[in-house]
Amino acid sequence: MCKHCISPRNTEPYTALEATDTTENLVDVVIVGAGLSGIGAACHLQDKCPGKRYVIIEGREAMGGTWDLFRYPGIRSDSDMHTLGYNFKPWRESKAIADGPAILKYIRETAFEHGVAKHIRYQQQLFMAEWSSGDALWALKVRDTQSGDITTVRCNMLLMCSGYYSYEEAYVPDFPGRDRFKGDIVEPQFWPEDLDYRNKKVVIIGSGATAVTLVPDMAKDAGHVVMLQRSPSYVISQPDEDVIANTLRKFLPQKVAYAITRWKNVTVQQWIYRQARKRPERVKRVLLRWVRDELGPGYDVERHFTPAYNPWEQRLCLAPNSDLFAAIRSGKASVVTDEIDTFTENGIRLTSGQQVDADIIVTATGLKLIVLGDVEFIVDGERIDFSKTITYKGVMTSDVPNLVSTFGYINASWTLRADLIAEFSCRLINHMDATGYRQCTPRLCEDDKSMVTLPYIVGFSSGYIQRVMDELPKQGDRQPWLNPQNYRRDKKMFRKGAIDDGALVFSSPATD
Ligand SMILES: Cc1cc2nc3c(=O)[nH]c(=O)nc-3n(C[C@H](O)[C@H](O)[C@H](O)COP(=O)(O)OP(=O)(O)OC[C@H]3O[C@@H](n4cnc5c(N)ncnc54)[C@H](O)[C@@H]3O)c2cc1C
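Residues numbered from 1 in each chain as written. Predicted model: local features only at pLDDT ≥ 70, side-chain atom pairs only at ≥ 80, totals over all residues. Heavy atoms only, no water.

K.L.:
What should I look at first to understand the site of the ligand in this one?
P.N.:
Around the ligand sit 34 residues, and of these S37, E58, D78, S79 and Y167 come closest. Within the side chain of Q125, an N or O atom sits 3.4 Å from a nitrogen atom of the ligand. A total of 980 Å² of accessible area belongs to the ligand in isolation, and the protein chains cover 95% of it. Among the secondary structure elements, those contributing two or more residues to the shell around the ligand are helix 1 (36–48), helix 2 (66–69), strand 4 (124–132) and strand 7 (165–170). Of all the elements, strand 4 adds the most residues to the shell around the ligand, at 3 residues. Tallied by class, the residues present in the shell around the ligand amount to 16 nonpolar, 14 polar and 4 charged. (Near = heavy atom within 4 Å. Polar contact = N/O pair within 3.5 Å; in protein donor to acceptor, adjacent residues only side chain to side chain. Areas by Shrake-Rupley, 256 points an atom, 1.4 Å probe, with all protein chains shown as cover. Helix = DSSP H or I, 4+ residues; strand = E, 2+ residues; numbered from the N terminus. Nonpolar A, V, L, I, M, F, W, Y, C, P; charged D, E, K, R; others polar.)

K.L.:
Explanation requested: the packing of helix 11 (residues 414–435) against helix 14 (residues 487–496) in the structure shown.
P.N.:
For any two helices packed against each other, the geometry is given by the interaxial angle and the distance between the axes. Where helix 11 meets helix 14, the closest approach of the two axes is 8 Å, and the angle between their N-to-C directions is 15°. For the element pair helix 11 / helix 14, the angle class is roughly parallel. Handedness of the helix 11/helix 14 crossing: left-handed. Contact with helix 11, carried on its side by L416, R417, L420, I421, E423, F424 and R427, involves Y487, D490, K491, M493, F494, R495 and K496 of helix 14 and no other residues of that element. By residue class, the composition of the contact of helix 11 with helix 14 is 7 nonpolar, no polar and 7 charged. (Axes fitted to C-alpha atoms, helices over the stretch in contact; angles between N-to-C directions. Parallel < 35°, antiparallel > 145°, perpendicular 65-115°, else oblique. Left-handed = near helix turned anticlockwise from the far one by under 90°. Contact = heavy atoms within 4.5 Å.)

K.L.:
Got a minute to help me understand the sheet that holds strand 13 (residues 333–337) in this structure?
P.N.:
Two orientations exist for strands paired in a sheet by backbone hydrogen bonds: parallel and antiparallel. Strand order in the open sheet formed by 5 strands is 8-17-9-10-13, and the pairing between neighbours is parallel. Of all strands in the sheet, those with a lone pairing partner are strand 8 (184–186) and strand 13, marking the two edges. Across the sheet, the axes of successive neighbouring strands diverge by a mean angle of 20°, strand direction being ignored. In this structure, strand 8 lies alongside strand 17 (residues 360–363), joined through 3 bridges in parallel fashion. Opposite D184, over in strand 17, you have I360 as the bridge partner. Running at roughly 165° to strand 10 (residues 224–229), helix 5 (residues 209–219) makes contact with strand 9 (201–205), strand 10, strand 13 and strand 17 of the sheet. (Pairing = 2+ DSSP bridges.)

K.L.:
Please clarify how a negative patch on the surface should be interpreted in this entry.
P.N.:
A contiguous patch of negative charge on the surface is contributed by E168, D374, D470 and E471. Within the secondary structure, E471 sits in the loop between helix 13 (463–466) and helix 14. A residue is classified by how much of its surface remains accessible, and E471, at 44% relative accessible area, is partly exposed. (Patch = residues over 30% accessible without salt bridge, like charges linked within 9 Å, V, L, I, M, F, W, Y side chains within 5 Å. Salt bridge = Lys/Arg side-chain N within 4 Å of Asp/Glu carboxyl O. Lys, Arg positive; Asp, Glu negative; His and termini not counted. Charge placed at Lys NZ, Arg CZ, Asp CG, Glu CD. Buried < 20%, exposed > 50% of the residue type's maximum accessible area, 1.4 Å probe, protein only.)

The following block contains the structure:
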């Protein structure tokens, strides 16, 4: 690791903002977002950096992020809650694959138990963040979504826990003839509370996690549900309860049982992921055999459940307790694999000429990804174009000081990484306190500037990731400019890796 830049050391230890500074808009740390990541980050901060003054800025009127926003029928995780839950708070429910309300309850419970709920400022949308090296502070422009009033909140460290997609807009392709359709067109992200689909013909466009969740749930009440997909995803079945976890909980303290289950699940998931990468053909054969076993010899698995890509090049979809397959077997749901030619008055015409009738069309076509909460970032007067930057460990950005952003795993549970990033942020803050520095900036040395660059995430072909890849920072070909998306490596890197590694450059304002 090069030590190319030794910055002037401020010998006065920087502890916290002056105790005499009573303004509520000047704090040590701002966390943006009161979702799973933001609430977790606040708990870690309180625990590991006691005394830091912080606020959580949340654009919506409630906490929970994803798990408050999405309200479509059957909304649930597709990860087990022993790894989607926080490392410090055991998941105590019997269902490991949990529904949205149970996850929201867990997040809220965490926020109240740890006393972080009172730090949340609701309906405050951050739209601009300006860093000044002169005073080592971020000036955050925040809009009150009710009144439209704009205030400025200042902080030394900014933790972006703003998720990865737009809360305003979903991704919906421009379907020809959309206006001709006489029924309801519904987006899962904005589910109408009063939508009555009992005995109706429903077509769900999509083949991702949302479609796979919606189909069996809607099939319970709808007349018939068609899952209309252009191309299939891998779907695996798994019980929604984890027998081992539930047995351990009976005999061991909750924390011990949770830790063992977490370890088991991480180990199994990583093993499956590694197998999928090393022996894709073999894993593919097994996955497809399971689908054949579910749907029987007469079913066209080749057409409807055999993706063109290898397992784990995109997230696998989960059918808890085989619910999707059961719905198909019962005749209440079916899968159509074809391209949409046009919407018609009564449904959708496919390029094959087939007409699929519908009373309701659900566009489960994905999320619209955005970069860092759609905030405009300015550093010492210069606007940051993140696509021209290099990521530092997948959490900070070259030449952008005191900014840590949380992006979880796409090949494992989000929170496994969110926890590690929060722990890293705390180590960083404590290191700066101990050494008296107020600014930390990832900087490329001359050698690093000529390294080969790769996309922020490699080896993942999902459309929703690809659509935003050009706007994300790049990664390099060496530490610490990598974004490994690997829990074991990240654990070592974030927990044990040197903070003062030469690439993170520490400094303080000259006036200090
Ligand atoms: C339907 C669905 C199911 C999912 N299931 C799984 C799963 O099973 N396993 C898994 O690992 N992942 C899953 N994910 C990914 C999921 O989003 C993460 O697991 C996790 O919930 C992300 O938490 P977060 O706090 O980082 O982001 P979010 O939940 O998106 O929360 C971000 C918060 O930040 C706020 N915010 C954003 N920008 C600003 C701003 N500029 N100013 C103020 N506030 C702002 C938002 O209002 C929101 O409250 C799923 C995602 C979806 C959409």
